[in-house]
Amino acid sequence: KKVLVLNGPNLRRLGTREPEIYGADTFDDLVRLCRETGLELGLDVEVRQTNDEAELVGWVHRAADERTPVVLNPAAFTHYSYALHDALAQRTAPLIEVHISNPAAREEFRHTSVVASVATGTIAGFGLRSYVLALRALSELE
Ligand code: DQA
């Protein structure tokens, strides 16, 4: 069973980007962790990252057409992208919103998610383990 793990802007810079918040593990480490978790759960996991809102919206449309479940870290788009919200509203399979940090415990602008209302659920604050928990949640939904 195919699952997409989609990542928004700046997440390719994991490991060097504000490590006190996002940790020392790199994006490649995240890809490996997600793929290994997929192997354990019997899921075919593909991990992608983009800094481009249009590209992310396109991936979400394709996932909707193909009924593919998605784990999504929308990064900063979480807080303001109504285009992403509207794309996700068309989903045809489960969608888990994930965050590495806990946005509710950070700056005020991070307390709003325009994605949460169109997600199956949200997992935030567990570092890269948030992705592992999201993949487990997806596998239990199937
Ligand atoms: C993030 C939290 C967002 O507020 C931030 O813009 C990110 C990463 C997280 O995974 O903790 O880029 O989504």
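Residues numbered from 1 in each chain as written. Predicted model: local features only at pLDDT ≥ 70, side-chain atom pairs only at ≥ 80, totals over all residues.

Here's the deal with the sheet that holds strand β3 (residues 70–73)
Taking strand neighbours across the sheet as the criterion, the 5 strands line up as β2-β1-β3-β4-β5 in an open arrangement whose pairing is parallel. For this open sheet the edge positions go to β2 (44–49) and β5 (121–124), each flanked by a neighbour on one side alone. Going from strand to strand, the sheet's axes swing by 20 degrees on average, the running direction of each strand aside. Its contacts with the sheet place helix α2 (residues 27–41) against β1 (2–7) and β2, and it is angled at close to 160 degrees to β2. (Pairing = 2+ DSSP bridges. Helix = DSSP H or I, 4+ residues; strand = E, 2+ residues; numbered from the N terminus. Axes fitted to C-alpha atoms, helices over the stretch in contact; angles between N-to-C directions. Contact = placed C-beta atoms within 7 Å.)

So, the UniProt feature "binding site: substrate" (unreviewed entry) in the protein chain
What UniProt calls "binding site: substrate" (unreviewed entry) maps, in this numbering, to Asn73, His79, Asp86, Ile100, Ser101 and Arg110. Spatial dispersion of the annotated residues is evident: they stretch over 38 residues in sequence, and the largest pairwise C-alpha distance comes to 24.3 Å. Relative to the assigned elements, isoleucine 100 resides in the loop between β4 (95–99) and β5. Setting aside residues up to four positions removed in sequence, isoleucine 100 forms contacts with Tyr22, Gly127, Leu128 and Ser130. (UniProt positions renumbered as here; feature names shortened; annotations may be inferred.)

Brief notes about the packing of α2 against helix α5 (residues 129–141)
Axes are the key here: two packed helices are described by the angle between their axes and the distance separating the axes. Here α2 crosses α5 at 25 degrees, and the two axes come no closer than 10 Å. Classed by the angle they form, the pair α2 and α5 counts as roughly parallel. Handedness of the α2/α5 crossing: right-handed. For the pair formed by α2 and α5, the contact residues are Leu30, Leu33, Cys34, Thr37, Gly38 and Leu41 on the first element and Tyr131, Val132, Leu135, Arg136 and Ser139 on the second. (Parallel < 35°, antiparallel > 145°, perpendicular 65-115°, else oblique. Left-handed = near helix turned anticlockwise from the far one by under 90°.)

A look at the nonpolar core
Val3, Val5, Val71, Val98, Tyr131, Ala134 and Leu135 are the most contacted members of the largest nonpolar core, which has 32 residues in total. Per-element accounting of this core gives the leading share, 5 residues, to α5. Discounting chain neighbours no more than four positions away, the residues touching valine 5 are Cys34, Val45, Glu46, Val47, Val71 and Tyr131. (Core = buried A, V, L, I, M, F, W, Y, C linked by C-beta atoms within 7 Å. Buried ≥ 20, exposed ≤ 12 C-beta atoms within 10 Å, placed from the backbone.)

Structural notes on α5
A rise of 1.5 Å per residue sets the reference length of α5, with its 13 residues, at 18 Å; its end C-alpha atoms lie 18 Å apart and thus fit the reference within 8%. All of the buried residues along α5 are Ser130, Tyr131, Val132, Ala134, Leu135 and Leu138. Each element contacted by the buried residues of α5 is listed here: β1, α2, β2, β3, β4 and β5. (Expected span 1.5 Å × (residues − 1).)

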